[in-house]
Amino acid sequence: LIFILLFWGDKHFFVIVHDVFEITNAYGVPSGIKYEIQKWTYQHCIKNVICHSHQSIEVLKKDANYTGNIIYFPHLRYYFDKTYKVEYLSQEVLYATEKNKLNCLFFGQLRPTKGVDVLKDTIDILKDNEDVNIIVAGQDKARLMIDNETPKNVRKILRRIDDNELNYLFSMCDVVLLPYKEIYQSGVVESVIHFGKYAIMSDCRAFKELVSLYPSFGVTYSPNNGEALASCIIEQIGQRRNYEKVDIDRYSADHDVKILISKIDEILKK
């Protein structure tokens, strides 16, 4: 907030709004001095914002009463190197996936909003399924899964995952599980797309919009519970999951950064 105040009212200053949870009801009824300062900052100090989702725009207008310039542009696509070095992989990562099984990856820091309870119910339903292997990789600071029993078809790597391990896990998995309860945009989703992996997603708004735009990128299931997710996973066993060229081309066109630059220029010329 102090940094933003240095650019108070500057028309050349743009704030990229990635996460608006703290000015919504996602973590309970917003209150307190921090919440009020955040709202006041949006209302009086920031003239321009860049949002990655239409939902974020609605929240800013409704909850923060934001009246400045808003640019919609999708989450910037990733271009990082996808290669990995096997010699630097730990045994738990190297043997996390299994041949001749549907390898399902849940990746990222474990939080309630990411549907960890749904994932746990799904694991319990599929614990005896010999065609499915589930990998859970990411920090579990809240101990949401550390203390749970681990079935034979589940691999848990509950710690920080480095870049080399990330590249290996995404390269080797077949599908990525995203049972999120609330999301505006997601870096994990961009990683999924960067690796060309099929996503099994809850029916929250952001995921439904993604599938409507790029149908071959994944599928949504509903309702967001263990039974529905387990059923969707079983349906993917033995299926071919390749991105269609028309979806890849449309995604590339939608994420052309020249569009963002053009929109910024329009605001600066006002």
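Above this note sits the structure.
Residues numbered from 1 in each chain as written. Predicted model: local features only at pLDDT ≥ 70, side-chain atom pairs only at ≥ 80, totals over all residues. Heavy atoms only, no water.

The next subject is the layout of surface pockets. Of the voids in this model, the largest pocket is the one considered here, and its volume is about 410 Å³. Lining the largest pocket are 21 residues, with His-52, Tyr-72, Pro-74, Ala-206 and Leu-210 positioned closest to its centre. When residues of the lining of the largest pocket are traced back to their parent elements, those giving at least two are helix 7 (187-194), helix 8 (205-213) and helix 10 (245-254). In terms of residue count, the dominant contributor to the lining of the largest pocket is helix 8 (five residues). (1 Å grid on protein atoms, 1.4 Å probe; cavity = no way out; pocket = protein on both sides within 12 Å on 5 of 7 lines; lining within 4 Å. Points joined across faces, edges and corners; volume = space filled by probe spheres on them. Helix = DSSP H or I, 4+ residues; strand = E, 2+ residues; numbered from the N terminus.)

This brings us to the sheet that holds strand 1 (residues 14-17). Read across the open sheet, the three strands follow the order 1-2-3; overall the sheet is parallel. Edge positions in the open sheet fall to strand 1 and strand 3 (69-72), since each of these has one partner strand only. The average angle at which neighbouring strand axes cross in this sheet is 25°, direction not considered. Inspection of the sheet shows strand 2 (residues 48-51) paired to strand 3 by four bridges, in the parallel sense. Note on strand 3: the bridge partner recorded for Cys-51 is Tyr-72. (Pairing = 2+ DSSP bridges. Axes fitted to C-alpha atoms, helices over the stretch in contact; angles between N-to-C directions.)

Now for the pattern of salt bridges. Scanning the entire structure with this criterion turns up 11 salt bridges. When salt bridges with common partners are traced through the structure, they connect Glu-58, Arg-205 and Glu-209 into a single cluster. (Salt bridge = Lys/Arg side-chain N within 4 Å of Asp/Glu carboxyl O.)

For the coordinates displayed, the defined rule picks out one cavity of 30 Å³ or more. In this structure, the largest cavity spans a volume of roughly 30 Å³. Lining the largest cavity we find Leu-178, Val-189, Val-192, Ile-193, Ala-199, Leu-210 and Phe-217. If one sorts the elements of the lining of the largest cavity by residue count, helix 7 sits on top with three residues. Here the residues of the lining of the largest cavity are counted per class, giving seven nonpolar, no polar and no charged. (Nonpolar A, V, L, I, M, F, W, Y, C, P; charged D, E, K, R; others polar.)

All right, on to the packing of aromatic side chains then. For any two aromatic rings, the description comes down to two numbers: the centre-to-centre distance and the angle of the planes. Tallied over the full model, the rule gives 15 aromatic pairs. Here Phe-7 and Phe-13 contribute two aromatic rings whose centre-to-centre distance is 4.7 Å and whose plane-to-plane angle is 10°, an arrangement assigned as stacked. Members of the aromatic cluster, connected to one another through ring pairs, are Tyr-78, Phe-80, Phe-107, Phe-170 and Phe-195. Between the NZ or CZ atom of Lys-82 and the centre of the ring of Phe-195, over which it lies, the distance is 5.9 Å. (Phe/Tyr/Trp six-rings, centres within 6.5 Å; stacked < 30°, edge-to-face > 60°. Lys NZ or Arg CZ within 6 Å of the ring centre and 35° of its normal.)

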